[in-house]
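What follows is the residue order along each chain.
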Amino acid sequence: MLVTSRSFEEYEAFFGLAPGDLAGTVLDCSAGASGFAATANARGGRVTAVDPAYRQAAEPLGAAAEAALVEGEAILAEHADRYLWSWYGGLERHHEIRRAALVEFLADLRRHPEAYVAGGLPDLPFEDGAFDLALCSHLLFTWSNVLDEAWHEAALLELLRVAREARVFPLVAQGAGDAVPFLPSLVDRLRGLGHRVEVVDVPYEFQRGARRMLVARRSA
Ligand SMILES: C[S@@+](CC[C@H](N)C(=O)[O-])C[C@H]1O[C@@H](n2cnc3c(N)ncnc32)[C@H](O)[C@@H]1O
């Protein structure tokens, strides 16, 4: 799995974030080399990033993220028809955004290592209710070809154990952006457990068909 470096601005669009959404404690789960925590915290936020990749030292982690940037762009060039370019304007701007986010991530990791915690779903190293909001970009559903429905259910329940609200983007599989067959039954089961779950349109579509997020709020 690539350790990608999406930016704060991309996260804002993926998760329909309004300024008030970041007023509390926030978890970026499967944060990879994203610049989200760095930017948000520089603006006074309280964001913690978690990813199993943080078990590595900064240098190999940076090398993995650098390799992901190159590999990701090769995939984009090879499958350009799978993407819509209105948000980025073109490959060059996409590259600038991802590189800037990677540079910001690496600088922040060195300055504030306490904000980057090694760990992974479905067993996160945090207390119950540690966060107001958990964000999860490009892990759940994206990797539904290798992570099954039971894993997704355990992962979503874990996000709702550590946070009052969880937002997940996107809701389609990597590659051609196929719909995830178990999404409706998973939503039904979470609702059956008393959680409030909605599928919400967002102001972003890059991978064709990936324009909705899942918002789950823990039962009282
Ligand atoms: C495609 S990257 C997304 C990174 C970042 N969220 C972004 O949007 O650029 C997927 C990330 O999920 C992480 N990951 C893999 N298994 C995980 C797990 N079980 N729990 C949490 N993160 C995981 C990988 O290390 C990788 O950094």
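Please refer to the structure placed before this passage.
Residues numbered from 1 in each chain as written. Predicted model: local features only at pLDDT ≥ 70, side-chain atom pairs only at ≥ 80, totals over all residues. Heavy atoms only, no water.

Caption draft 1: Layout of the site of the ligand. Around the ligand, 19 residues are found, and the nearest of them are Thr4, Ser30, Asp51, Leu121 and Ser137. Separating a nitrogen atom of the ligand from a side-chain N or O atom of Tyr11 is a distance of 2.9 Å. In this structure, Asp51 approaches the ligand through a side-chain N or O atom, which is 2.6 Å from an oxygen atom. Relative to its unbound accessible area of 590 Å², the ligand is 90% covered by the protein chains. Counted by class, the shell around the ligand contains ten nonpolar, seven polar and two charged residues. (Near = heavy atom within 4 Å. Polar contact = N/O pair within 3.5 Å; in protein donor to acceptor, adjacent residues only side chain to side chain. Areas by Shrake-Rupley, 256 points an atom, 1.4 Å probe, with all protein chains shown as cover. Nonpolar A, V, L, I, M, F, W, Y, C, P; charged D, E, K, R; others polar.)

Caption draft 2: A look at helix 4 (residues 91–111). Between the first and last C-alpha of helix 4 there are 30 Å, a value that for 21 residues agrees with the 30 Å anticipated at 1.5 Å per step. Check the buried side of helix 4 and you find it contacts helix 1 (8–14), helix 2 (36–42), helix 3 (58–78) and strand 3 (116–118). (Helix = DSSP H or I, 4+ residues; strand = E, 2+ residues; numbered from the N terminus. Expected span 1.5 Å × (residues − 1). Contact = heavy atoms within 4.5 Å.)

Caption draft 3: Inspection of the layout of surface pockets at higher detail. Here the largest pocket is characterised by a volume of approximately 910 Å³. Taken together, 45 residues make up the lining of the largest pocket; nearest its centre are Leu2, Thr4, Arg6, His138 and Trp143. Counting only elements with at least two residues in the lining of the largest pocket, the list comes to strand 2 (46–51), helix 3 and helix 4. Sorting elements by how many residues they give to the lining of the largest pocket places helix 3 first, with seven residues. Grouping the amino acids of the lining of the largest pocket by side-chain chemistry returns 25 nonpolar, 15 polar and five charged. The calculated volume of the second largest pocket comes to roughly 170 Å³. For the second largest pocket, the full set of lining residues is Pro170, Leu171, Val172, Ala179, Val180, Pro181, Leu183, Pro184, Gly209, Ala210, Arg211 and Arg212. (1 Å grid on protein atoms, 1.4 Å probe; cavity = no way out; pocket = protein on both sides within 12 Å on 5 of 7 lines; lining within 4 Å. Points joined across faces, edges and corners; volume = space filled by probe spheres on them.)

Caption draft 4: Local environment of the environment of Tyr54. Note that Tyr54 resides in the loop between strand 2 and helix 3. Classification of Tyr54 by relative accessible area gives buried; the value is 9%. Once the C-alpha coordinates of Tyr54 and Pro113 are considered, the two residues, 59 residues apart in sequence, prove to be 9.8 Å apart. Setting aside its immediate chain neighbours within four residues, Tyr54 contacts Ala31, Gly32, Ala49, Leu61, Phe105, Tyr116, Val117 and Ala118. (Buried < 20%, exposed > 50% of the residue type's maximum accessible area, 1.4 Å probe, protein only.)

Caption draft 5: Spatial organisation of the pattern of salt bridges. Going through the model one piece at a time under the given rule, you end up with 14 salt bridges. A salt bridge links Glu10 to Arg98; its shortest N-O distance comes to 2.9 Å. Pair noted here: Glu10 is in helix 1 and Arg98 is in helix 4, with a separation of 88 residues, a long-range link. Grouping residues by exposure puts Glu10 and Arg98 together as buried. The partner of Arg211 in a salt bridge is Glu205, with the nearest N and O atoms 2.9 Å apart. Salt bridges sharing partners connect three or more residues here, namely Asp21, Glu165, Arg167, Glu198 and Arg217. (Salt bridge = Lys/Arg side-chain N within 4 Å of Asp/Glu carboxyl O.)

Caption draft 6: Seen up close, the sheet that holds strand 7 (residues 212–217). Strand order in the open sheet made by the seven strands is 3-2-1-4-5-7-6, with mixed pairing throughout. With one partner strand each, in any of the chains shown, strand 3 and strand 6 (196–201) form the two edges of the open sheet. Direction aside, the axes of adjacent strands within the sheet are offset by 20 degrees on average. The pairing of strand 1 (residues 25–29) with strand 2 spans five bridges and is parallel. Directly across from Thr25, in strand 2, lies its bridge partner Arg46. Most of the contacts of helix 5 (residues 149–162) go to strand 5 (residues 163–169), to which it runs at about 140 degrees, and overall it touches strand 1, strand 4 (131–137), strand 5 and strand 7. (Pairing = 2+ DSSP bridges. Axes fitted to C-alpha atoms, helices over the stretch in contact; angles between N-to-C directions.)

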